[in-house]
Amino acid sequence: MQSSVPTAAMLTSGHANMEELEIQLKKVPESAGCLIVTDGVFSMGGDIANLPEIVRLVLMLAVTFWMGALGIYYAVLAGLRFVLLRAIHRPSDQRGMLIYRRTGWLLNLLTLTMTGIFVQMVRENQAYDYPGVLIFAMAVWAFAKIIVAAVNLIKRQKDKNKVLAAARCVSFAGALMSILALQTALLARFGEGAVTFAQTMNAITGAGITALLITLSALMIARSGAWKNTDEKTLH
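Criteria and thresholds
- Residues numbered from 1 in each chain as written.
- Predicted model: local features only at pLDDT ≥ 70, side-chain atom pairs only at ≥ 80, totals over all residues.
- Heavy atoms only, no water.
- Helix = DSSP H or I, 4+ residues; strand = E, 2+ residues; numbered from the N terminus.
- Buried < 20%, exposed > 50% of the residue type's maximum accessible area, 1.4 Å probe, protein only.
- Contact = heavy atoms within 4.5 Å.
- Areas by Shrake-Rupley, 256 points an atom, 1.4 Å probe, with all protein chains shown as cover.
- Polar contact = N/O pair within 3.5 Å; in protein donor to acceptor, adjacent residues only side chain to side chain.
- pLDDT = per-residue confidence, 0-100.
- Phe/Tyr/Trp six-rings, centres within 6.5 Å; stacked < 30°, edge-to-face > 60°.
- Axes fitted to C-alpha atoms, helices over the stretch in contact; angles between N-to-C directions.
- Parallel < 35°, antiparallel > 145°, perpendicular 65-115°, else oblique.
- Left-handed = near helix turned anticlockwise from the far one by under 90°.
- Nonpolar A, V, L, I, M, F, W, Y, C, P; charged D, E, K, R; others polar.

1. With respect to the overall build of the chain
Thought 1: On a plain count of helices and strands, the chain comes out with seven helices and zero strands.
Thought 2: For the chain, the α and β elements follow one another from N to C terminus as α-α-α-α-α-α-α.
Thought 3: Among the 236 residues that make up the chain, the fraction classed as buried is 35%.
Thought 4: Of all intrachain contacts in the chain linking residues separated by at least 6 positions in sequence, the fraction that spans at least 24 positions is 75%.
Thought 5: Carbon together with sulfur atoms contributes 66% to the accessible area of the chain, which is approximately 14700 Å² in total.

Written out as structure tokens, the structure reads:
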């Protein structure tokens, strides 16, 4: 049996041998597509393919480091926003200062998950995929998001509500990720196979975003410390 696709490689496993199939699937690069071909009922012996186990192996293949990094990133981002949403309805200077400081520390965790995504973008040439004209709608959305987030971050940091100030920092971090996601999608769509160029651009942008978020986190922690010292002097 031969593959009719010139660039495709064919791997085979023994009859109904799920252990060997798993070994073969692990040989498939994360950036490559994969198609599993099997009979439903084998006519020679009449036995039935172990479809539940094949499905499990397919899911194992689908849940890659890339998908895991994305999942962790969005889970951390959602958790941060949930905490801030709960705190915003219970305004208190002391509580707001504590939330702001904790958000600064947690921003490092968000940056770490984003770094995992950046590494996959560079090493495995992974990219976001927006089909059809959706990529242009996402471009408008991403640029609008980063402009609004940057304006809010710069102009409204003197607000007395420290929880809102922390929320704006988180929104800015999310907007930066949206810009990088758009960049990867554009390079994948219009880069015409320029893999090295795409990896270089993603590495530069990813490194810049990482440095910017680490700086933002440090400023948040330092600012919360300054607020605390000011409050202590006021009390004394």
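2. Some words on the side chain of Asn202
Thought 1: Summarising the element assignment, Asn202 is placed in helix H7 (residues 195-235).
Thought 2: Among the polar contacts made by the side chain of Asn202, one reaches the side chain of Gln183 at a distance of 2.9 Å.
Thought 3: Residue contacts for Asn202: discarding those within four places in its chain leaves Met121, Val122, Leu180, Gln183, Thr184 and Leu187.

3. A word on the confidence of the model for the chain
Thought 1: Put simply, the chain has an average pLDDT of 81, and 83% of its residues get 70 or more.
Thought 2: Overall, residues 1-6 carries pLDDT values under 50, and its contacts beyond four positions in sequence, including any with other chains, amount to three contacts.

4. Some words on the packing of aromatic side chains
Thought 1: Tallied over the full model, the rule gives three aromatic pairs.
Thought 2: With 6.4 Å between their ring centres and 40° between their planes, Phe136 and Phe190 make a pair best called tilted. Taken together, the residues Phe136 in helix H5 (residues 134-155) and Phe190 in helix H6 (residues 162-190) connect sequence positions 54 residues apart.
Thought 3: Taking the relative accessible area as the measure of exposure, Phe136 reaches 48% and is therefore partly exposed.
Thought 4: Relative accessible area serves as the criterion here: at 46%, Phe190 is assigned to the partly exposed category.

5. Side note on the packing of helix H3 (residues 65-87) against H6
Thought 1: Orientation of H3 relative to H6, taken along the N-to-C sense of each, is 160°, at an axis distance of 10 Å. As judged from the angle between their axes, H3 and H6 are roughly antiparallel. For the pair H3 and H6, the crossing hand works out as left-handed. Contacts from Tyr73, Leu77, Leu80, Arg81, Leu84 and Ala87 of H3 reach H6 at Val163, Ala166, Ala167, Val170, Ser171, Ala173, Gly174 and Met177.
Thought 2: For the contact of H3 with H6, the residue count by class is eleven nonpolar, two polar and one charged.

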